[in-house]
Protein chains: 2
Amino acid sequence: MIIVKTIAALREALDSSSRIGVVPTMGNLHEGHLELVRAARAECDTVVMTIFVNPTQFEDAADLARYPRTLEHDLALAESTGVDIVFAPSAEEMYPEGFATTVRVDGAITEVLEGAVRGRAHFDGVATVVAKLLLAVLASVAYFGAKDAQQVVVVKRMVQDLGIPTRIAVVPTVRDGDGLALSSRNSRLTATERERALAVPRALSAIAQASETERDAASLRAIGDRILQDLEVEYLEIVDPDDLSTLTTVHAGALVVVAVRVGRTRLIDNVSIPARPSPPRSEP
Amino acid sequence: MIIVKTIAALREALDSSSRIGVVPTMGNLHEGHLELVRAARAECDTVVMTIFVNPTQFEDAADLARYPRTLEHDLALAESTGVDIVFAPSAEEMYPEGFATTVRVDGAITEVLEGAVRGRAHFDGVATVVAKLLLAVLASVAYFGAKDAQQVVVVKRMVQDLGIPTRIAVVPTVRDGDGLALSSRNSRLTATERERALAVPRALSAIAQASETERDAASLRAIGDRILQDLEVEYLEIVDPDDLSTLTTVHAGALVVVAVRVGRTRLIDNVSIPARPSPPRSEP
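Conventions used here
Residues numbered from 1 in each chain as written. Chains lettered and ligands numbered in written order. Predicted model: local features only at pLDDT ≥ 70, side-chain atom pairs only at ≥ 80, totals over all residues. Heavy atoms only, no water. UniProt positions renumbered as here; feature names shortened; annotations may be inferred. Helix = DSSP H or I, 4+ residues; strand = E, 2+ residues; numbered from the N terminus. Rg over C-alpha atoms; globule rule 2.2 N^0.38 Å. Buried < 20%, exposed > 50% of the residue type's maximum accessible area, 1.4 Å probe, protein only. Contact = heavy atoms within 4.5 Å. Areas by Shrake-Rupley, 256 points an atom, 1.4 Å probe, with all protein chains shown as cover. Lys, Arg positive; Asp, Glu negative; His and termini not counted. Charge placed at Lys NZ, Arg CZ, Asp CG, Glu CD. Least-squares fit on C-alpha atoms with pLDDT ≥ 70 in both. Buried area = accessible area lost by both parts, 1.4 Å probe. Salt bridge = Lys/Arg side-chain N within 4 Å of Asp/Glu carboxyl O. Expected span 1.5 Å × (residues − 1). Domains from an automatic or database assignment. Polar contact = N/O pair within 3.5 Å; in protein donor to acceptor, adjacent residues only side chain to side chain.

Chain A appears in an unreviewed UniProt entry as Pantothenate synthetase from Microbacterium aoyamense. A UniProt comment under Subunit (unreviewed entry) is attached to chain A, and it reads "Homodimer." Its UniProt record, at the heading Catalytic activity (unreviewed entry), says of chain A: "(R)-pantoate + beta-alanine + ATP = (R)-pantothenate + AMP + diphosphate + H(+)".

See the structure below:
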């Protein structure tokens, strides 16, 4: 496995004639990231992982400072999962003095949900760093986790609008045995907080299950709200998966998205409304 | 010569293993554009010209509507100068419904001069369309004219910041025999207006010549202002060629930039302060 720290060295290390897959991460790797690597490994000749804790997408300096950084551990996991090249730039490499460019995605998809809670600058930071990382690698496919559902919508929009020649592949969320979606932030939860946080996957499951017979979004949200009543809920919405508009009646593929705070830790999660089971066939 | 109207068709027509040069234009080609093509032809295997009157960089709908469109004539000139592929997309191809992304370059380089007169949205439009065109072609080199000096500074900043893998080459301004810089807008000048517009190159020449002995920017500008006194001058500045900051003392390479209105037509031009001639050697 090759480790590079500059875009110039990355380009030198890449064989542009091979089919390249890229897995952008902020490090502190867990099984969710490794699933992205495995998806890339299965489809591509060369697998690149980027590890960069992007300061411009943190609206809160304390959150940025607290974000777990475990590079040695990450490199060992990346190598054992089949990563060929790790690109781990410094902030100075990504944003040298005089850097002045922002890639901004306008409209509801960056204003609602995470955009409303974290502020617009969050997605400016995400869109800009992802554009830069994708242009540095020029991969055929980039792999993102479904857990960051809104990020996926924003990145897909940006990539389509600018015509970045990379396909965005979305890999299902990986959950621990107790149902909690894997997240680098989970390590900050105390045992008690983790127990309380399990209301999040329980609420999502309950809504998905209830949607088999109930299609009214308000009624479904009420089911979730009851399960989440002991947590500080930032939002619980059922939205269109493409434009993130709020739905009043749900349909298969609609996204149930939730953000909560448990103690000092912010958690997000989501689930897709499943297709309705086919009605049993009546005998003719 | 191949003419394509979609990014998909363009990519199909391009041989990505060849050395590609791209000449972005808004059409209405003149000798200035053809010099860009010749520079590309001399250095590259495949020369792509883009022809797109980009609506998002016009702050004035009337100016956009008036902008001369001469596609048939342009295609003939492009072919006879050695262009291999013309990419002439529609506005719908470049900005399909739902398009929501802006590439913005912040700071003084987009706020001063053209940014101050035309508004910040002008350079948002320029940066976004150039990013999109460069990503569509992924050329080794893109050729821009020195006449649009601020555009060159903004495009270079954007390309460097995002890491678009295309080198920006700048080709000297082409002038008519009477000194007027070639511009698609010149065709709108009446004979009388054109005569008056010649004060622009005269003022620039006078400043460049005076700079051999006078290095005070205010004194040099005063020389230009006198020559331009019968025109509506939007700005006449002597600026640093990299960050466009206003200079009080000029140096070799400093840019003298000017924008005027002659009747309904807006003209811009610029010249570089030449290196001081070496002092004559005194006999020992």
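Engineer: Explain the overall build of chain A here, please?
Structural biologist: Scanning chain A from terminus to terminus reveals twelve helices and ten strands. Whereas a compact globule of 284 residues would reach a radius of gyration of roughly 19 Å, chain A reaches 20 Å, a difference of no more than 12%. In terms of principal-axis extent, the alpha carbons of chain A reach across some 65 × 50 × 35 Å. Looking at chain A as a whole, 54% of its 284 residues qualify as buried. Contacts in chain A between residues at least 24 apart in sequence constitute 72% of all its contacts with a sequence separation of at least 6. Accessible area for chain A stands at about 12300 Å²; split by element, carbon and sulfur atoms hold 51% of it. Charge-centre separation for chain A: the mean point of 29 positive side chains lies 1 Å from the mean point of 39 negative side chains.

Engineer: Mind showing me how you'd approach the relation of the copies chain B and chain A here?
Structural biologist: Between the two copies, chain B and chain A, the superposition gives an RMSD of 0.0 Å; the rotation angle is 180° and the shift along the axis is 0.0 Å. Accordingly, the operation relating the two chain copies is best matched by a two-fold axis. When C-alpha distances to the rotation axis are compared across chain B, the minimum falls at V103(B), with a value of 2.3 Å. Taken together, the interface assignments show that 100% of the residues at the interface of chain B recur at the interface of chain A, consistent with an identical surface on both copies.

Engineer: Sorry if this is basic, but what is going on with the environment of I7(A) here?
Structural biologist: Residues and elements named next belong to chain A. Its location among the elements puts I7 in helix α1 (residues 7-13). In this structure I7 comes out as buried when scored by relative accessible area, which is 12%. Leaving out residues up to four positions away in the same chain, I7 has contacts with F87, E93, K132 and A136.

Engineer: Explanation requested: the interface of chain B and chain A in the structure shown.
Structural biologist: Buried accessible area, meaning the area lost when the parts come together, often serves as the stated size of an interface. The partner chain A presents 22 residues to the 22 residues of chain B that form the contact. A combined buried area of about 2000 Å² lies between chain B and chain A, and 54% of that area is made up of carbon and sulfur atoms. Per-residue buried area on chain B facing chain A is highest for T101(B), D161(B) and L162(B); these three make up 29% of the total on that side. The interface formed by chain B and chain A holds zero salt bridges in total.

Engineer: When you look at helix α8 (residues 120-137) of chain A in this model, what are you seeing that I'm missing?
Structural biologist: Helical periodicity: at 3.6 residues per turn, an α-helix aligns residues three or four positions apart in one direction. Residue and element names in this part refer to chain A. Over its 18 residues, α8 extends 26 Å from the first C-alpha to the last, a length consistent with the 26 Å expected when each residue adds 1.5 Å. With 16 of 18 residues buried, α8 is to be regarded as a mostly interior element. Phi turns positive, to about 45°, at L138, one or two residues after α8.

Engineer: How should I be thinking about the domain arrangement of chain A in this particular structure?
Structural biologist: Residue and element names in this part refer to chain A. Once the domains are mapped, chain A shows domain 1 (2-171) and domain 2 (184-272). For domain 1 and domain 2, the distance between their C-alpha centres works out to 25 Å. With 21 residues of domain 1 at the contact, the number on the domain 2 side is 18 residues. For the pair domain 1 and domain 2, the summed buried area comes to about 1600 Å², and 53% of that belongs to carbon and sulfur atoms. The interface formed by domain 1 and domain 2 includes three salt bridges. In this structure, R188 and D63 form a salt bridge, with 3.6 Å as the shortest nitrogen-oxygen distance. Applying the counting criterion to the domain 1 and domain 2 interface returns six residue pairs in polar contact (both at pLDDT 80 or more).

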